[in-house]
Amino acid sequence: MEEFKMKSQNHPKKVKKIISTSIIGIIALVLLFNAFRIVPAGHTGVRLTMGRVTGTTNEGLVLQVPFVQSIVIMDNRITDLTFRTEAVTGDLQAVTMTYTVNYFLNPDMSGEIFRTIGVGFESVIVRPTVEEIVKDITARYTIEELITERARVSADITSSLQSALGQRGLTFERFNIVDFSFSEEFSNAIEAVRVAEQNALRAEQDLERVRFEAEQEVARAEAQAEVLRLQAQELTDTNLQAMWIETWDGVLPQVMTDSSGLLINFGN
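Only a predicted model underlies this, so the values are computations on that prediction, with no experimental measurement involved.

**Q** Is there a simple way to think about the pattern of salt bridges in this case?
**A** Close approach of charged atoms lets side chains of opposite charge pair. The tally for this structure, following the rule as stated, stands at 5 salt bridges. With its nearest N and O atoms 2.7 Å apart, the salt bridge here joins E112 to R115. Here E112 pairs with R115, and both are found in helix α2 (residues 110-116), just 3 residues apart, close to one helical turn. Note on R115: relative accessible area 54%, which makes it exposed. In this structure, E122 engages R127 in a salt bridge whose closest nitrogen and oxygen atoms are separated by 3.4 Å. For E122, a relative accessible area of 27% translates into the label partly exposed.

**Q** Explain the side chain of T85 here, please?
**A** The topology assignment puts T85 in strand β6 (residues 79-88). For T85, a relative accessible area of 2% gives the class buried. Side-chain polar atoms of T85 contact the side chain of Y99, separated by 2.7 Å. Filtering out sequence-adjacent residues up to four positions away, T85 remains in contact with V95, T96, M97, Y99, E131, V134 and K135.

**Q** Mind showing me how you'd approach the packing of aromatic side chains here?
**A** Aromatic rings considered in pairs are described by the distance between their centres and by the relative angle of their planes. Summed over all chains, the structure comprises 3 aromatic pairs. Residues Y99 and F175 carry aromatic rings whose centres are separated by 5.2 Å and whose planes lie at 40° to one another, so their mutual orientation is tilted. Of the two residues, Y99 sits in strand β7 (residues 94-105) while F175 sits in strand β8 (residues 170-182), which places them 76 residues apart along the sequence. Look at Y99 and you get buried, because its relative accessible area is 0%. Where F180 meets F182, the ring centres are 6.2 Å apart and the plane angle is 25°; that geometry is what we call stacked. Of the aromatic side chains, those joined through ring pairs into one cluster are F83, Y99 and F175. Between the NZ or CZ atom of R127 and the centre of the ring of F83, over which it lies, the distance is 4.9 Å.

**Q** Would you mind going over a nonpolar patch on the surface with me for this structure?
**A** Together, F36, I38, L61 and L63 give the surface a local cluster of nonpolar side chains, amounting to about 440 Å² of exposed area. Broken down by secondary-structure element, the contributors of at least two residues to the nonpolar patch are β1 (36-39) and β4 (60-63). In this structure, F36 sits in strand β1.

**Q** Is there a simple way to explain the sheet that holds β8 in this structure?
**A** The strand order across the open sheet built from 3 strands is β6-β7-β8, with neighbouring strands paired in antiparallel fashion. With partners counted over all chains shown, the strands left at the sheet margins are β6 and β8, one partner each. The average angle at which neighbouring strand axes cross in this sheet is 25°, direction not considered. Bridge analysis of β7 against β8 gives 11 bridges, and the strand direction is antiparallel. Looking across to β8, one finds that V101 is bridged to F175. The strands that helix α3 (residues 121-138) touches are β6, β7 and β8; relative to β6, the one it contacts most, it runs at about 40°. Sheet contacts for helix α5 (residues 150-166): β7 and β8; angle to β8, the most-contacted strand, approximately 145°.

About the criteria used
- Residues numbered from 1 in each chain as written.
- Predicted model: local features only at pLDDT ≥ 70, side-chain atom pairs only at ≥ 80, totals over all residues.
- Heavy atoms only, no water.
- Salt bridge = Lys/Arg side-chain N within 4 Å of Asp/Glu carboxyl O.
- Helix = DSSP H or I, 4+ residues; strand = E, 2+ residues; numbered from the N terminus.
- Buried < 20%, exposed > 50% of the residue type's maximum accessible area, 1.4 Å probe, protein only.
- Polar contact = N/O pair within 3.5 Å; in protein donor to acceptor, adjacent residues only side chain to side chain.
- Contact = heavy atoms within 4.5 Å.
- Phe/Tyr/Trp six-rings, centres within 6.5 Å; stacked < 30°, edge-to-face > 60°.
- Lys NZ or Arg CZ within 6 Å of the ring centre and 35° of its normal.
- Patch = residues over 30% accessible without salt bridge, like charges linked within 9 Å, V, L, I, M, F, W, Y side chains within 5 Å.
- Areas by Shrake-Rupley, 256 points an atom, 1.4 Å probe, with all protein chains shown as cover.
- Pairing = 2+ DSSP bridges.
- Axes fitted to C-alpha atoms, helices over the stretch in contact; angles between N-to-C directions.

Scope: geometric values only; no functional claims are made or implied.
Written out as structure tokens, the structure is:
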């Protein structure tokens, strides 16, 4: 009985020991799990210690102090954004520009960008800056220049974006104009000009055709006149007599006149 009583008293102690060991094991696993963080390729890890930025880490497996430190992932890959911005030209024409912008966050600026702005820097920095610059550059050109000098417009916007985004820790890669769309009134005016140009071209082609045909007629008339002139030069007495003999059928005329104009009949 005493031995059974002792075993009964030791049983709760064993249960408590197992529970304590399990809890310690779980805590150890949690600590171990939170001691490491994987930073994906093309990203930077921003290390926070008690909520304060204390440095950055490269991609790969990163060690951190559990519950004291944390790693925030910042994307440093090239980002491709498409914009559709409504602007006004220098001659007060409304235009909507569709374009793309490529940029990336500089890895060495990841900590500062997170500290001052956070992970949502695209909506805070990039989009407002890009649209402001596009509107400003568009206002320097007339609507006709936007179309005819598209490359120069793109170059001006590119230069401004490189400077503005570079100052904020971003590297600008490429700006590309996809399309322009204009107001209905301007589109109708462009169509009217296009139709007028086509009609003018058609009229010019018709005029050239008429001029060519007239020149051909003049050339034919000149050729015929030259033929007649040459023929007239050939109509001498000798030539006429030769032509008469060549065409004579051998029959003498029945009536002839003498020098006084008297008719002489050689027939019966």
